[in-house]
Amino acid sequence: MTGVYCKLVGSAVLWGGTWVAGRILARHMGPFSAAFLRFALAAAFLVFLTARLEGGVPRLTRANFPWLLALAATGIFAYNALFFAGLRTVPAGRAALIVAAIPAVVALFSSLLFKERFGAWKAMGLALSFCGVGLIVSGGDPGRVLAEGFSTGDVYIFGCVLTWAAYTLIGKKAMERVAPYGAVTWSCILGALLLLPPALATGLLRETAQAGPVAWGCLLFFGILATGFGFSWYYEGVRAIGPTRAGVFINLVPVTAVFLGWLLLDEALSATLAGGGLCVLAGVWLTNRRGRALESR
């Protein structure tokens with residue numbers, strides 16, 4: 001099992017690195033160009049990977065197309081446009097810790113839409129996660145946020161939370177019709193097609209021609225390593241040890257992002273950032289506490 005655990009840690013490190021790579025790439029091209037090129041590369045790689053692992057990319061049908069299009073519109077188009085736009089002004093570590101609240105938000109909407117039980121532990125975890133996000137965004141001074149409001153970058157990152165939560169919940173239904181790799185592959189293909197018109201309108205051809213080695217290195221990291229290998233390693237872990245135990249490793253993503261942001265981008269580490277991050281992760285743990293206990297039994 002050592003190889004499985006190493007791959008799960010590797011996927012978390014790669015995903016943590018996307019926040020740093022996104023911060024760097026946002027300096028070189030606009031959000032739509034960056035998002036389109038990322039998923040054009042990822043789609044090409046995933047077509048090959050899906051063919052190897054699942055025997056081929058499933059056909060689009062009238063039954064599965066609306067679900068796959070919804071995945072593309074939320075988790076690929078909207079999330080990544082907001083992701084790159086937000087990282088133009090928001091430090092990578094801070095953004096990653098805000099987005100770490102996604103599991104708690106997913107639990108809230110799962111209870112509302114799918115009637116999943118939402119007990120005291122989940123409510124406490126949700127409140128703790130939101131308090132942690134508030135601490136991160138306010139820098140320990142809630143009065144400043146009330147007086148000045150949220151920055152545009154923070155609003156974009158909050159949008160990432162909502163769009164990825166929607167992607168996760170839609171995926172719950174989409175996976176009933178399409179195998180996981182097929183769903184991810186089609187969402188990348190359709191998402192890239194949705195991103196193409198606004199990317200062309202905002203200078204895709206010019207920005208692609210002007211992109212240097214650093215920008216292309218970030219794009220290859222996104223498309224091949226973070227998306228291709230990151231997803232494949234994670235799903236290998238899910239298959240080997242189960243979704244709940246594998247999902248614990250995702251908590252390493254914001255920790256990795258904060259560390260890499262400090263190491264590579266010279267982003268400051270502060271007590272409020274650390275305290276807010278711990279609140280978010282503790283809230284995520286509490287939100288999922290009952291599910292882990294049930295699976296264990």
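No experiment lies behind these values; they were computed from the predicted model shown.

Calculation notes
Residues numbered from 1 in each chain as written. Predicted model: local features only at pLDDT ≥ 70, side-chain atom pairs only at ≥ 80, totals over all residues. Heavy atoms only, no water. Core = buried A, V, L, I, M, F, W, Y, C linked by side-chain atoms within 4.5 Å. Buried < 20%, exposed > 50% of the residue type's maximum accessible area, 1.4 Å probe, protein only. Helix = DSSP H or I, 4+ residues; strand = E, 2+ residues; numbered from the N terminus. Contact = heavy atoms within 4.5 Å. Salt bridge = Lys/Arg side-chain N within 4 Å of Asp/Glu carboxyl O. Axes fitted to C-alpha atoms, helices over the stretch in contact; angles between N-to-C directions. Parallel < 35°, antiparallel > 145°, perpendicular 65-115°, else oblique. Left-handed = near helix turned anticlockwise from the far one by under 90°. Nonpolar A, V, L, I, M, F, W, Y, C, P; charged D, E, K, R; others polar.

Peer 1: Which parts of the structure should I look at to understand the nonpolar core?
Peer 2: The nonpolar side chains of a soluble globular protein tend to be buried with one another. If you look at the biggest cluster of nonpolar residues, it comprises 69 residues, and the most contacted ones within it are Trp 19, Leu 25, Phe 83, Val 99 and Ile 157. Per-element tally for this core: the top contributor is helix 2 (residues 31–54), with ten residues. With residues up to four places along the chain from it excluded, the contact list for Ile 157 reads Trp 19, Gly 86, Val 90, Ala 95, Ile 98 and Val 99. Grouped together as the second largest cluster of nonpolar side chains are ten residues, Leu 68, Leu 71, Ala 72 and Leu 190 included.

Peer 1: What should I look at first to understand the pattern of salt bridges in this one?
Peer 2: A side chain with one charge may pair with a side chain of the opposite charge, provided their charged atoms come close. Overall, the coordinates contain two salt bridges when judged by the stated rule. Arg 23 serves as the salt-bridge partner of Glu 267, at 3.9 Å between the closest nitrogen and oxygen. Of this pair, Glu 267 sits in the loop between helix 13 (252–265) and helix 14 (271–287) while Arg 23 sits in helix 1 (residues 2–25), placing them 244 residues apart in sequence. Since its relative accessible area comes to 12%, Glu 267 is described here as buried. Here Arg 23 falls in the buried class, since its relative accessible area comes to 16%. The partner of Arg 94 in a salt bridge is Asp 154, and the shortest N-O contact between them spans 2.6 Å. Of this pair, Arg 94 sits in helix 4 (residues 92–99) while Asp 154 is found in helix 8 (residues 152–174), placing the two residues 60 residues apart along the sequence. Note on Arg 94: relative accessible area 22%, which makes it partly exposed. On the accessibility criterion, Asp 154 (3% relative accessible area) is buried.

Peer 1: Looking at this structure, I do not really get the packing of helix 3 (residues 65–86) against helix 8. What am I missing?
Peer 2: Working note: a packed helix pair is described by the angle between its axes plus the distance between those axes. The contact between helix 3 and helix 8 brings their axes to 8 Å, and the two run at 160°. Put simply, helix 3 runs roughly antiparallel to helix 8. Relative to helix 8, the crossing made by helix 3 is left-handed. Across the contact of helix 3 with helix 8, the residue classes tally to 16 nonpolar, seven polar and one charged.

Peer 1: How do you make sense of the side chain of Ser 187 when you look at a structure like this?
Peer 2: With respect to the helices and strands, Ser 187 occurs in helix 9 (residues 180–201). When its relative accessible area of 0% is taken as the criterion, Ser 187 is described as buried.

Peer 1: Looking at this model, I keep getting lost on the environment of Leu 25. Mind explaining?
Peer 2: Position of Leu 25 among the secondary structure elements: in helix 1. The buried category is assigned to Leu 25, whose relative accessible area is 0%. If near-sequence neighbours (up to four positions away) are discounted, Leu 25 is found in contact with Ala 34, Phe 84, Ala 215, Cys 218, Leu 219 and Phe 222.

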